[in-house]
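Chain and residue survey
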Amino acid sequence: MKDKVSADISLNVSGVTVTYRNGNTGLRDASFSLSAGSICGLVGVNGSGKSTLFKAIMGFVTPTTGTVQIGGRPAAEAMRKNLVAYVPQAEEVDWNFPVLVEDVVMMGRYGHMGFLRTPSVHDRAMVTDALDRVRMTEYRDRQIGELSGGQKKRVFLARALAQEGKLILLDEPFTGVDVKTEHAIIDLMGELRDAGHLMLVSTHNLGSVPDFCDQVVLINQTVLAAGPTETTFTQSNLEEAFGGVLRHFRLDGTELHNDEDERGVTVLTDDERPVIFYGNKDRAHEPRRRQRDRDETGPPPEFMDDAS
Amino acid sequence: MSELLVPFAYDYMIKAMVISALVGGVCAFLSAYLMLKGWSLMGDALAHAIVPGVAGAYILGLPFAAGAFLAGLLASLGMYLVNQVSRLREDAIIGLIFTSFFAFGLLLVSIYPTAVNVQTIIMGNVLAIPDDEALQVLIIAAVSLTILTLKWRDLMVVFFDENYARTVGLHPIRLKILFFTLLSACTVAALQTVGAFLVVAMVITPGATAYLLTDRFHILLLLSVAIGAATSFIGAYLSFFLNGATGGIIVVLQTVVFLAIFLFAPKHGLLQTRRAAAASIAEHEQTS
Ligand SMILES: Nc1ncnc2c1ncn2[C@@H]1O[C@H](COP(=O)(O)OP(=O)(O)O)[C@@H](O)[C@H]1O
Ligand SMILES: [Mg+2]
């Protein structure tokens with residue numbers, strides 16, 4: 001039913017520079033490309049241009065130079081085709097607006113509706129399904145301001161699900177969210193990746209990046225490195241991206257081992273979850289993946305009720 | 001009893017009541033949006049900015065609505081442009097633009113003391129509205145109401161989350177232009193009923209009142225329109241007995257309704273909020 005272009009989504013950012021009206025350059029000469037069935041972490045400090053990059057991808061700000069192509073089309077056209085779903089940063093939302101959870105999720109269907117935007121049976125079913133997938137069904141009649149941080153995130157995630165966008169942009173989805181919800185969001189993203197979606201997720205939560213991202217883009221005003229997590233998310237690249245902002249701990253081999261093993265542990269943290277490198281100092285290493293709860297005794301992570 | 005029906009025996013009263021109700025309803029529709037964006041004073045600004053347009057139209061012998069509308073659009077455009085190119089805060093820009101338009105209007109009126117009755121512009125006089133002006137007002141209100149009924153959902157999404165509106169293929173800028181065009185048009189219409197000073201109440205109070213009663217936008221719209229239309233109708237009716245000052249009566253009525261709901265609303269009212277807080281404290285004390 002769907003044509004090939006929209007079935008195989010891709011994102012192509014080439015040479016994008018964004019200068020704000022006040023003369024601030026939010027992003028300089030950014031280039032990278034991604035293709036379907038992938039979760040890409042967009043990693044950088046505050047003010048490094050993550051949100052600016054999102055805005056440029058969606059055409060909310062016009063790049064002074066460079067182009068963005070989504071599924072081989074210009075951004076505006078891709079959005080008219082409902083290819084792009086966006087989960088905003090919490091600060092961008094007016095939480096006092098008189099809408100219920102289900103109303104917000106229904107907004108995700110607007111692009112699929114006719115002139116009068118009257119929801120069809122199918123639209124309602126999609127909303128119910130999306131709410132169910134993020135375990136928010138019992139809150140569907142709540143005003144959106146009356147939710148916890150994690151629940152709020154899930155509502156907007158459900159809106160993106162209901163929209164059926166092939167490219168999903170998530171701006172800091174883990175900020176103000178507890179670990180359980182974070183894992184549940186990560187699991188949901190995994191399902192979406194398997195279904196062929198492409199996700200770009202900004203975060204400065206370093207530790208969880210190797211857990212769920214198969215690609216990373218490191219930015220600081222410009223793209224410093226982009227590629228598969230194993231080869232790009234390295235200690236030296238991270239130190240470049242984060243400059244002196246990161247806390248840095250290193251335990252050398254002699255402090256860890258009683259034998260001749262030279263491998264040491266390096267912990268990088270920006271006060272959220274740290275990233276840990278283990279091995280010889282001078283070689284590039286794969287970052288360590290954390291053990292997930294599911295590998296241990298606890299129940300699999302799920303969206304839990306964190307309201308009470 | 002029959003005394004209460006007397007206003008219905010006069011054509012001019014029926015005309016006034018119907019026009020007031022329509023204008024009150026459509027202004028209330030717009031108020032639901034304005035209030036949510038913190039743009040409430042925009043209505044006030046527009047009403048004042050319209051004065052030079054009305055004066056100019058009278059001087060040139062054009063329909064007042066055309067002049068008013070042009071001035072309203074110019075003022076909105078001015079506010080938008082200054083907002084784009086300067087770093088002044090929005091309230092300062094609004095204040096700046098509307099006072100300069102209003103001053104220019106007063107200047108025009110004082111230089112060309114024609115048939116314009118400033119009193120009419122500023123205070124409104126729906127009881128003495130001529131037929132052709134009544135028709136203009138009716139058309140403006142009816143067209144605006146139709147467009148709003150068709151497009152309220154699109155406007156809601158734009159007002160709630162402009163960025164998201166774009167990702168679902170809406171055109172926020174076009175829709176905002178549409179909204180401000182309607183606002184300018186309806187402000188012109190309201191000028192006739194309640195006058196420039198009180199238009200602001202018509203485009204704030206009903207929405208603010210309804211906001212205290214519901215958490216759903218479409219219900220907010222319905223309540224707001226109902227409150228706006230009913231208070232305007234009743235206000236016009238009462239002005240027959242109180243002899244004139246229709247605008248004043250309408251706005252006083254709206255304020256009374258607002259105060260009552262502010263106190264007694266089931267969920268967001270002052271008393272209920274207090275009661276809920278007290279109950280939760282009591283419950284806490286019981287359990288501990
Ligand atoms: N609306 C704006 N006007 C001017 N400068 C801006 C604006 N938004 C962001 N910037 C600047 O652009 C840079 C990148 O910001 P942003 O993309 O929000 O960073 P991040 O999302 O990574 O924290 C910062 O230096 C910021 O000050
Ligand atoms: Mg940001």
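Residues numbered from 1 in each chain as written. Chains lettered and ligands numbered in written order. Predicted model: local features only at pLDDT ≥ 70, side-chain atom pairs only at ≥ 80, totals over all residues. Heavy atoms only, no water.

1. Details of the packing of helix α5 (residues 121–133) of chain A against helix α6 (residues 149–163) of chain A
All names here are of chain A. Let me state the cut-off plainly: Axes here refer to lines fitted to C-alpha atoms; in helices the fit is confined to the stretch in contact. Angles between the N-to-C directions go from 0 to 180 degrees. The way it works is that DSSP assigns letters per residue, a run of H or I at least four long becomes a helix, a run of E at least two long becomes a strand, and they are numbered from the N terminus. For this classification, under 35 degrees means roughly parallel, over 145 means roughly antiparallel, 65 to 115 means roughly perpendicular, and everything else is oblique. Here a crossing is called left-handed whenever its near helix is offset anticlockwise from the far helix by less than a right angle, and right-handed whenever the offset is clockwise. Note on definitions: a residue-residue contact is assigned when non-hydrogen atoms from the two residues lie within 4.5 Å. Under the convention adopted here, Pro, Cys and the residues Ala, Val, Leu, Ile, Met, Phe, Trp and Tyr are nonpolar, Asp, Glu, Lys and Arg are charged, and Gly plus all remaining residues are polar.
Across the interface, α5 lies against α6 with an axial gap of 8 Å and an inter-helix angle of 135°. The pairing of α5 with α6 is recorded here as oblique in orientation. Two packed elements cross with a definite hand, and for α5 against α6 that hand is right-handed. Judged by residue contacts, M126, A130, L131 and R133 of α5 engage A158, L161 and A162 from α6. Split by residue class, the contact of α5 with α6 holds 6 nonpolar, no polar and 1 charged.

2. Observations regarding the pattern of salt bridges
What counts here: Each reported salt bridge corresponds to a side-chain nitrogen of Lys or Arg within 4 Å of a carboxyl oxygen of Asp or Glu. Exposure categories follow from relative accessible area, calculated using a 1.4 Å probe and restricted to protein chains: below 20% of the type maximum is buried, above 50% is exposed, and the middle band is partly exposed.
One pass over the full model with this rule turns up 16 salt bridges over all chains. Of the charged contacts in the structure, one is a salt bridge between R140 of chain A and E102 of chain A, with a shortest N-O distance of 2.7 Å. One end of the pair, R140 of chain A, is in the loop between α5 and α6; the other, E102 of chain A, is in helix α4 (residues 101–107), with 38 residues separating them in the sequence. With a relative accessible area of 16%, E102 of chain A lands in the buried category. Here K15 of chain B and D131 of chain B are joined by a salt bridge, their closest N and O atoms 2.8 Å apart. Taken together, the residues K15 of chain B in helix α2 (residues 11–36) and D131 of chain B in helix α8 (residues 131–160) connect sequence positions 116 residues apart. Given a relative accessible area of 25%, K15 of chain B falls into the partly exposed group. Since its relative accessible area comes to 58%, D131 of chain B is described here as exposed.

3. So, the interface of chain A and chain B
What counts here: Take the accessible area each of two parts loses on contact, using a 1.4 Å probe, and add the two losses: that sum is the buried area. N or O atoms closer than or at 3.5 Å make up a polar contact, with two conditions inside protein: a donor-capable atom paired with an acceptor-capable one, and, for residues adjacent in sequence, both atoms drawn from side chains.
Taken together, the 36 residues of chain A in the interface contact 28 residues of chain B. With both chains or domains summed, chain A and chain B bury close to 2800 Å², and 58% of this area falls on carbon and sulfur atoms. One can count 4 salt bridges joining chain A with chain B. Across the pair R159 of chain A and D161 of chain B runs a salt bridge, and its minimum N-O distance is 3.1 Å. If you look at where chain A meets chain B, you find 11 residue pairs in polar contact (both at pLDDT 80 or more). For the side of chain A that touches chain B, the secondary-structure elements that each account for two or more residues are α3 (75–80), β6 (84–87), α4 and α6 of chain A.

4. Things to note about helix α10 (residues 235–242) of chain A
All names here are of chain A. To be explicit about the condition: This arc is built from the directions going out from the helix axis to the C-beta atoms.
For α10, the full list of buried residues reads Q235, N237, L238, A241 and F242. Down the axis of α10, the buried set is contained in an arc of 160°. They therefore lie on one face. The positive-phi residue at the C-terminal boundary of α10 is G243, with phi of around 55°.

5. Describing the environment of M13 of chain B
All names here are of chain B. Along the chain, M13 falls in helix α2. Here M13 falls in the buried class, since its relative accessible area comes to 0%. Between the alpha carbons of M13 and V126 there is a distance of 9.0 Å; along the sequence they are 113 residues apart. Beyond its immediate sequence surroundings of up to four residues, M13 is in contact with P7, L127, A236, Y237 and F240.

6. Quick notes on the sheet that holds strand β4 (residues 65–70) of chain A
Backbone hydrogen bonds hold the strands of a sheet together, and the pairing may be parallel or antiparallel. Residues and elements named next belong to chain A. Going by this rule: Pairing between strands requires that DSSP locate at least two bridges from one strand to the other.
Spatially, 4 strands are ordered β2-β1-β4-β5 in an open sheet, and the strand pairing comes out antiparallel. Each of the sheet's edge strands pairs with one partner strand only, and the pair in question is β2 (25–35) and β5 (73–74). Across the sheet, helix α2 (residues 50–57) touches β1 (10–19), β2 and β4, and the angle it forms with β1 is around 115°.

7. A closer look at the packing of aromatic side chains
Selection rule: Classification of ring pairs rests on two measures: the distance between centres of Phe, Tyr or Trp rings, Trp counted by its six-membered ring, which must be within 6.5 Å, and the angle between planes, read as stacked under 30 degrees, edge-to-face over 60 and tilted in between. Any Lys NZ or Arg CZ found within 6 Å of a ring centre and within 35 degrees of that ring's normal is scored as a charge over the ring.
Enumeration over the complete set of coordinates arrives at 17 aromatic pairs over all chains. Considering the side-chain rings of W95 of chain A and F156 of chain A, the 5.5 Å spacing of their centres and the 90° angle between planes classify their relative orientation as edge-to-face. On the criterion of sequence distance, the pair formed by W95 of chain A in the loop between β6 and α4 and F156 of chain A in helix α6 is long-range, its members being 61 residues apart. Judged by centre distance (5.8 Å) and plane angle (55°), the ring pair of Y10 of chain B and Y12 of chain B falls under tilted. Aromatic ring contacts, followed pair by pair, group F97 of chain A together with F29, Y33, F159, F160, F179, F180 and F217 of chain B into a single cluster. Across from the ring centre of W95 of chain A, 4.6 Å away, lies the NZ or CZ of K152 of chain A, which sits over that ring. Positioned above the aromatic ring of Y164 of chain B is the side chain of R159 of chain A, whose terminal nitrogen or guanidinium carbon lies 3.3 Å from the ring centre.

8. Thoughts on the sheet that holds β6 of chain A
Residues and elements named next belong to chain A. Taken in spatial order, the 6 strands make up an open sheet running β6-β7-β8-β3-β9-β10, and their pairing is mixed. The sheet is open, and its two borders are formed by β6 and β10 (222–228), each paired with just one other strand. Direction aside, the axes of adjacent strands within the sheet are offset by 15° on average. Sheet analysis places strand β7 (residues 167–171) next to strand β8 (residues 198–203), joined by 5 bridges and oriented parallel. Each bridged residue has a counterpart across the sheet, and for L169 the counterpart in β8 is L200. Sitting on the sheet, α10 touches β3 (38–43), β9 (215–220) and β10, and the angle it makes with β9 is about 35°.

9. Looking at unusual backbone geometry
Residues and elements named next belong to chain A. Backbone geometry places E172, a non-glycine residue, at a positive phi of 50°. Of note, E172 is situated in the loop between β7 and α7 (179–194). The class for E172 is buried, based on a relative accessible area of 8%. Even without a glycine there, the phi angle at Q221 is positive, about 70°. Among the secondary structure elements, Q221 is positioned in the loop between β9 and β10.

10. Here's the deal with the site of ligand 1
Residue and element names in this part refer to chain A. Quick note on the threshold: Distances are taken per atom, and a residue is near a molecule or strand as soon as one of its heavy atoms is within 4 Å of it. Computed by Shrake-Rupley with a 1.4 Å probe, the accessible areas treat only the displayed protein chains as cover when residues are assessed.
For ligand 1, the full set of nearby residues is Y20, N22, N24, G26, V45, N46, G47, S48, G49, K50, S51 and T52. Between Y20 and ligand 1, the recorded distance is 3.4 Å, taken from a side-chain N or O atom to a nitrogen atom. In the complex, 66% of the free accessible area of ligand 1, which totals 560 Å², lies under the protein chains. The biggest single contributor to the shell around ligand 1 is α2, with 3 residues. Residues that form the shell around ligand 1 fall into these classes: 2 nonpolar, 9 polar and 1 charged.

11. Side note on the confidence of the model for chain A
Do not read the fine detail of predicted coordinates wherever pLDDT is low. All names here are of chain A. For clarity, the cut-off: Summary of the metric used: pLDDT quantifies the predictor's per-residue confidence within the range 0 to 100.
Overall, the prediction assigns chain A a mean pLDDT of 84, with 82% of residues at 70 or greater. Summarising per-element confidence for chain A, the mean pLDDT is lowest in helix α1 (residues 4–7) (45) and highest in α5 (96). Taken together, the stretch residues 1–6 has pLDDT below 50 and engages in 5 contacts with residues farther than four places along the chain or on a different chain. Within the model, the stretch residues 293–300 combines pLDDT values under 50 with 5 contacts to residues more than four positions away or in other chains.

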